[in-house]
Amino acid sequence: MTTTPGLEPVDVPAAPRPRRRRLSPTLVVGVVLLAVVAAVAALSLVWLPYELSDTSGGRLEPPGSDHWLGTDTLGRDLFSQTMVGTRIALTVGLGATAVAVVVGVVVGILAALTPPWLDDTVASALDILIAFPTLLLAMLIVAAQGSSLWTVLLAIGVGASAIAARFTRILSRRVLGQQFVTAARTSGTGVLGLVTRHVLPNIWPSLVVNVAVLFGVAVLAEASLSYLGLGVPPPNASLGRLLQEAQGTVVTAPWAAVAPGLVIVAMVLGANFLADGLRDRFDPTRGRSR
């Protein structure tokens, strides 16, 4: 209420409070799943129930107080191996995604800035690379360079970079075709200014969603390479190799395959839920249309 000299008090309606957007349930589930996985991976850096080389446990012991997830065919503790495998899967997933995004964003933006004939050539090359599955390209690189943590990480990252490059190129060309970019070019803004002030700020929401999807792809690729014997070599544990070793005893000792499989499912589902939640977060109309 306000008072003006010589006039009666006038009621002034309060300004409406902005409505707070509710968090997407899929975003919450994705964050929780990935947070639990990250906590297990971090814990493996400072504590393990048993050393990976410890074979003091009995062969194929069921889960119990001494071995929470049982033991494998060599008497090694499966809980310790699953913890280390989770850490390796998370490391490879994050590292490969970072490589794919850095390479893909650079190539995609450069392609969008080039003349049309060169842009079409790059686009055709990316389509050819995408026609080959990421796992197949990673297998070829690992087979040529040898198996190690960094080789697997780089192989998956390079294999997935074509997907990130194609996505970035499409988004960048869409932004570069807008009138405000034409005005910026007319005013003398250079290429670096266009990229930093206009392209990246306008493509990053969609790019973040794509990054979450790529993380799930990288985790699956690492598990698949390990399952085929092309992943991180022993004595390091990997989830895919744990599944491969448990394949022969899945009837007599099914517990050996449960934990590694659940961790892989949790990481992939978490990444996809996170991507879906971020998509809802950045596109409110999508959330209301459900």
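Everything discussed here concerns the structure shown above.
All values derive from a computational prediction rather than experimental measurement. (Residues numbered from 1 in each chain as written. Predicted model: local features only at pLDDT ≥ 70, side-chain atom pairs only at ≥ 80, totals over all residues. Heavy atoms only, no water.)

## Re the overall build of the chain
Moving on, step 1. Helix and strand counts for the chain come out as 10 helices and 0 strands.
Moving on, step 2. For the chain, the sequential pattern of α-helices and β-strands runs α-α-α-α-α-α-α-α-α-α.
Moving on, step 3. When burial is assessed residue by residue, the chain has 41% of its 290 residues classed as buried.
Moving on, step 4. Sequence separation of 24 or more characterises 68% of the internal contacts of the chain that already satisfy a separation of 6 or more. (Helix = DSSP H or I, 4+ residues; strand = E, 2+ residues; numbered from the N terminus. Buried < 20%, exposed > 50% of the residue type's maximum accessible area, 1.4 Å probe, protein only. Contact = heavy atoms within 4.5 Å.)

## Section: the layout of surface pockets
Moving on, step 1. One number sums up the size of the second largest pocket: a volume of about 190 Å³.
Moving on, step 2. Around the second largest pocket, the lining residues are Leu33, Val36, Val37, Val40, Leu69, Phe79, Thr82, Met83, Thr86, Ala259, Val263 and Ala266.
Moving on, step 3. For the lining of the second largest pocket, the elements supplying multiple residues, two or more each, are α1 (25-46), α2 (78-113) and α9 (255-282).
Moving on, step 4. Looking at side-chain class alone, the lining of the second largest pocket contains 10 nonpolar, 2 polar and no charged residues. (1 Å grid on protein atoms, 1.4 Å probe; cavity = no way out; pocket = protein on both sides within 12 Å on 5 of 7 lines; lining within 4 Å. Points joined across faces, edges and corners; volume = space filled by probe spheres on them. Nonpolar A, V, L, I, M, F, W, Y, C, P; charged D, E, K, R; others polar.)

## Overview of empty space enclosed by the protein
Moving on, step 1. Summed over all chains, the structure comprises 1 cavity of 30 Å³ or more.
Moving on, step 2. Estimated volume of the largest cavity: approximately 60 Å³.
Moving on, step 3. Lining the largest cavity, in full, are Leu60, Asp72, Thr73, Leu78, Leu242, Glu245, Ala246, Thr249 and Ala256.
Moving on, step 4. Of all the elements, helix α8 (residues 239-246) adds the most residues to the lining of the largest cavity, at 3 residues.
Moving on, step 5. For the lining of the largest cavity, the residue count by class is 5 nonpolar, 2 polar and 2 charged.

## Comments concerning the nonpolar core
Moving on, step 1. Ranked by size, the top nonpolar core spans 22 residues in total, and within it Phe215, Leu239, Met267 and Leu274 carry the most contacts.
Moving on, step 2. Among the secondary structure elements, those contributing two or more residues to this core are α1, α2, α7 (191-227), α8 and α9.
Moving on, step 3. If we ignore the near neighbours within four places in the chain, the residues touching methionine 267 are Leu34, Val37, Ala89, Leu90, Phe215 and Val219.
Moving on, step 4. Formed by 15 residues, the second largest nonpolar core is a distinct cluster that contains Leu52, Val92, Ala138 and Leu225. (Core = buried A, V, L, I, M, F, W, Y, C linked by side-chain atoms within 4.5 Å.)

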